[in-house]
Amino acid sequence: MALFSDKKNFSADDRSGLNQTAPFSFPQIIALICIFGFCLSYLLSAAIIAGRFIEYRIPLFLMELPMGMVYGMVCLLFSAVLAGLSLQKSLNADGSSKSILSRSQKISYFFSLLTTLCFTAYGCAVLVHFLKTGVFLSECLYLVFLYACVLGVHLKARKSSLAHMFTSAAFVLILIITAFYSGIAYAKIENRKMGFINGEPFLLVSAQNQNYILVGLDSKTNKSNGKIMVLPRQNTVLEQTFFWPAGLKRYKDE
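## Digging into the pattern of salt bridges
Across all of its chains, the model carries three salt bridges by this definition. Between Lys-188 and Glu-139 there is a salt bridge, and its shortest N-O distance comes to 3.2 Å. Taken together, the residues Lys-188 in helix H6 (residues 161-189) and Glu-139 in the loop between helix H4 (103-133) and helix H5 (140-156) connect sequence positions 49 residues apart. Residue Lys-188 is classed as partly exposed on the basis of its relative accessible area, which comes to 26%. As a salt-bridge pair, Glu-200 and Lys-227 come within 2.9 Å of each other at their nearest N and O atoms. Of the two residues, Glu-200 sits in strand E2 (residues 200-207) while Lys-227 sits in strand E4 (residues 223-232), which places them 27 residues apart along the sequence. We classify Lys-227 as partly exposed; its relative accessible area is 39%.

The following block contains the structure:
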């Protein structure tokens, strides 16, 4: 498989790097990697929350991104980088100074593997949802098409540094799109908390720093009906409202 090609391809950027001074020092490279990792984690977290809000038909200007989620995503990316470096050292355990892959290939293969893992996790969630409810999430077909197109270009890329840079950017884009669709899938399979306010069913969607966001529930379709209620944390409405899993059939006699 091309993700673990055994051909010793050396691109022009690696050959020229032996005779030229690096444009960035090691601390600057580390700083750039950290900035890129934090920005990517922020975008992935925002995409997940945005997908969830889109499914509940909540305007995105009400979105509040929890920093704990961003820091968790940073830790996951940092762990993935460490795993990639450990894998690279294990492949070069013979002590040879020659690298099997060029710099651009290493970056491209790292993002291809990371995207593949996230895509596989999303596919498993779609499969579990289909087996439990019998409803297939048809929006995943668009993601499958994009992933197949970029993977086809990635498998054909050889020594061209520009091609690997393109596939790296494409895999990052697909990673963000996967996070967005994962938010939609999460909104469909999560354990929803339902309560009755003025005789109407509402779902507790988000607990933000200052507010609670609730959306109206259509009992026939089991989806949001477009009604949105934003309540401050200190309010009498929620103090008098009981919430339970939306899957339970419970009725109130008032």
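After that view of the structure, there is still more to cover.
## Thoughts on the sheet that holds E4
As summarised here, the arrangement of the five strands in space is E4-E3-E2-E1-E5, forming an open sheet in which the pairing is antiparallel. Looking at the sheet topology across the chains shown, the edges are occupied by E4 and strand E5 (244-245). With five bridges connecting them, E2 and strand E3 (residues 211-218) associate as antiparallel partners. Residue pairing in the sheet places Ser-206 in a bridge with Ile-213 of E3.

Cut-offs used in this document
- Residues numbered from 1 in each chain as written.
- Predicted model: local features only at pLDDT ≥ 70, side-chain atom pairs only at ≥ 80, totals over all residues.
- Heavy atoms only, no water.
- Salt bridge = Lys/Arg side-chain N within 4 Å of Asp/Glu carboxyl O.
- Helix = DSSP H or I, 4+ residues; strand = E, 2+ residues; numbered from the N terminus.
- Buried < 20%, exposed > 50% of the residue type's maximum accessible area, 1.4 Å probe, protein only.
- Pairing = 2+ DSSP bridges.

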